[in-house]
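What follows is each chain in one-letter form.
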Amino acid sequence: MSGFLEGKVVAVTGAGRGIGRAIALDSAKAGARVVVADYGVSMDGSEPSSAIADDVVAEIKAAGGEAVAIASDVSTMEGGSSIITAAMDNWGRIDGCVCVAGILRERMLFNMTEEEFDDVVRVHLKGTFTIYRHAAAIMRKQEGGGSLVSFTSGVWALGSTAQANYAAAKGGIVSFNYAAALGLVRYGIRANVIAPVARTRMSANVPQALAENGDPEDISPMAVYLLSD
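## What about the packing of helix H3 (residues 77-91) against helix H4 (residues 114-139)?
H4 packs onto H3 with a crossing angle of 40° between their chain directions and a minimal axis gap of 8 Å. As far as their axial angle goes, H4 and H3 are oblique. Crossing of H3 over H4 shows right-handed handedness. On H4, the residues touching Met-77, Gly-80, Ser-81, Ile-83, Ile-84 and Met-88 of H3 are Phe-129, Thr-130, Ile-131, Arg-133, His-134, Ala-135 and Ile-138. Its residues placed into classes, the contact of H3 with H4 shows 8 nonpolar, 4 polar and 1 charged.

Okay, here's the thing in structure tokens:
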């Protein structure tokens, strides 16, 4: 997919590991300048660090690409804004965003706490909103519009035994994308959502085995395609 994103500026959240990392690397290989955004938290949401985003930037630069790292909490308006601002400050535009950042708080519904529900919805659903909102405000005024991509899961339609919070957030992302696509098309902005099946740090603890499970690198070409013209 060399040259698919030549001259474009792309921001990827959750880009320090897994699918987000693969998308950041493949976007750079396709010619994009990349904002590698990752808060770098541990699985329980603690210990934020920019180190993993820095590592991906170093890998992109070593291959001859351009990238910057940012460690921001996408679930806040300030965090989402700072990621788009990083693109504007460095390259003067934003052509595409991919929202991969997410967390899990697995618990049976009758034991789930308010915090466990809120945290998952906040990072997945609101984290998609903050990026789309700040990016769209710029894309609608620039030549060429832009492309917005986010991630859902099959559990949005099929349910999940111990992930009611995650299923709700992922269902919200599907509906949110339909609305975004409908409202932004007049400005030349596209919105799409991918439902991947891949082995990642987050899926490692899910108690099921899927024969068709792929790797993050199997998912990233679709995101690069959706970011392209």
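## Things to note about the pairing of strand S5 (residues 146-151)
Burial runs high along S5: 6 of the 6 residues are buried. The side-chain alternation of S5 yields two buried faces, one formed by Gly-146, Leu-148 and Ser-150 and the other by Ser-147, Val-149 and Phe-151. Direction of pairing for strand S4 (residues 96-99) relative to S5: parallel, over a ladder of 4 bridges. Residue Val-98 lies in a different strand from S5, and its bridge partner there is Val-149. Crossover S4 to S5 through H4 is right-handed.

## Overview of the sheet that holds strand S2 (residues 33-37)
Strand order in this open sheet of 6 strands is S3-S2-S1-S4-S5-S6, and the pairing throughout is parallel. Taken across any chain shown, the strands that pair with only one partner, and hence form the sheet edges, are strand S3 (67-70) and strand S6 (189-194). Here the average twist between neighbouring strands, direction ignored, is 15°. With 4 bridges joining them, strand S1 (residues 9-13) and S4 adopt parallel strand pairing.

## A look at the confidence of the model for the protein chain
Chain-level pLDDT for the protein chain is 91 on average; 88% of the residues reach the 70-or-more range. With pLDDT under 50 throughout, residues 200-204 is counted as low confidence; its partners more than four residues away or in other chains account for 13 contacts.

## Overview of the environment of Ala-58
Among the secondary structure elements, Ala-58 is positioned in helix H2 (residues 51-62). A relative accessible area of 45% places Ala-58 in the partly exposed class.

## A closer look at the side chain of Thr-13
Tracing the chain through its elements places Thr-13 in strand S1. A distance of 3.0 Å separates the side chain of Thr-13 from the backbone nitrogen of Val-100, its partner in a polar contact. The residues touching Thr-13, leaving out its near neighbours within four places in the chain, are Gly-20, Ala-37, Val-74, Ile-83, Val-98, Cys-99, Val-100, Ala-101 and Ile-131.

## A few points about the packing of aromatic side chains
For the structure on display, the rule yields 2 aromatic pairs. Summarising the aromatic geometry, the rings of Tyr-132 and Phe-176 are spaced 5.3 Å apart at their centres and angled 35° between planes, so their arrangement reads as tilted. Linking Tyr-132 in helix H4 with Phe-176 in helix H6 (residues 164-184), this pair joins segments that are 44 residues apart in sequence. The exposure class of Phe-176 is partly exposed, given its relative accessible area of 24%. Members of the aromatic cluster, connected to one another through ring pairs, are Phe-129, Tyr-132 and Phe-176.

## A short note on the nonpolar core
Grouped together as the largest cluster of nonpolar side chains are 28 residues, with contacts concentrated most on Val-12, Ile-23, Val-34, Val-36, Ile-60, Val-98 and Phe-151. Those elements that provide at least two residues to this core are S1, helix H1 (18-29), S2, H2, S5 and helix H7 (216-227). Beyond its immediate stretch of four places on either side in the chain, Val-12 contacts Gly-20, Ile-23, Ala-24, Val-34, Val-35, Val-36, Ala-37, Val-98 and Val-100. The next biggest cluster of nonpolar side chains, apart from the first, holds 25 residues, and it includes Val-35, Val-68, Val-74 and Ile-189.

## What to know about H3
With 15 residues, H3 ought to run about 21 Å at 1.5 Å a step, and its terminal C-alpha atoms sit 21 Å apart, in line with that. Turning to H3, its buried residues number three or more, namely Gly-79, Gly-80, Ile-83, Ile-84, Ala-86, Ala-87 and Trp-91. The secondary structure elements touched by the buried residues of H3 are S1, S2, S3, S4 and H4. Residue Gly-92 follows H3 closely and has a positive phi angle near 80°.

Basis of the calculations
- Residues numbered from 1 in each chain as written.
- Predicted model: local features only at pLDDT ≥ 70, side-chain atom pairs only at ≥ 80, totals over all residues.
- Heavy atoms only, no water.
- Axes fitted to C-alpha atoms, helices over the stretch in contact; angles between N-to-C directions.
- Helix = DSSP H or I, 4+ residues; strand = E, 2+ residues; numbered from the N terminus.
- Parallel < 35°, antiparallel > 145°, perpendicular 65-115°, else oblique.
- Left-handed = near helix turned anticlockwise from the far one by under 90°.
- Contact = heavy atoms within 4.5 Å.
- Nonpolar A, V, L, I, M, F, W, Y, C, P; charged D, E, K, R; others polar.
- Buried < 20%, exposed > 50% of the residue type's maximum accessible area, 1.4 Å probe, protein only.
- Pairing = 2+ DSSP bridges.
- Right-handed = clockwise from strand over helix to strand, strands pointing away.
- pLDDT = per-residue confidence, 0-100.
- Polar contact = N/O pair within 3.5 Å; in protein donor to acceptor, adjacent residues only side chain to side chain.
- Phe/Tyr/Trp six-rings, centres within 6.5 Å; stacked < 30°, edge-to-face > 60°.
- Core = buried A, V, L, I, M, F, W, Y, C linked by side-chain atoms within 4.5 Å.
- Expected span 1.5 Å × (residues − 1).

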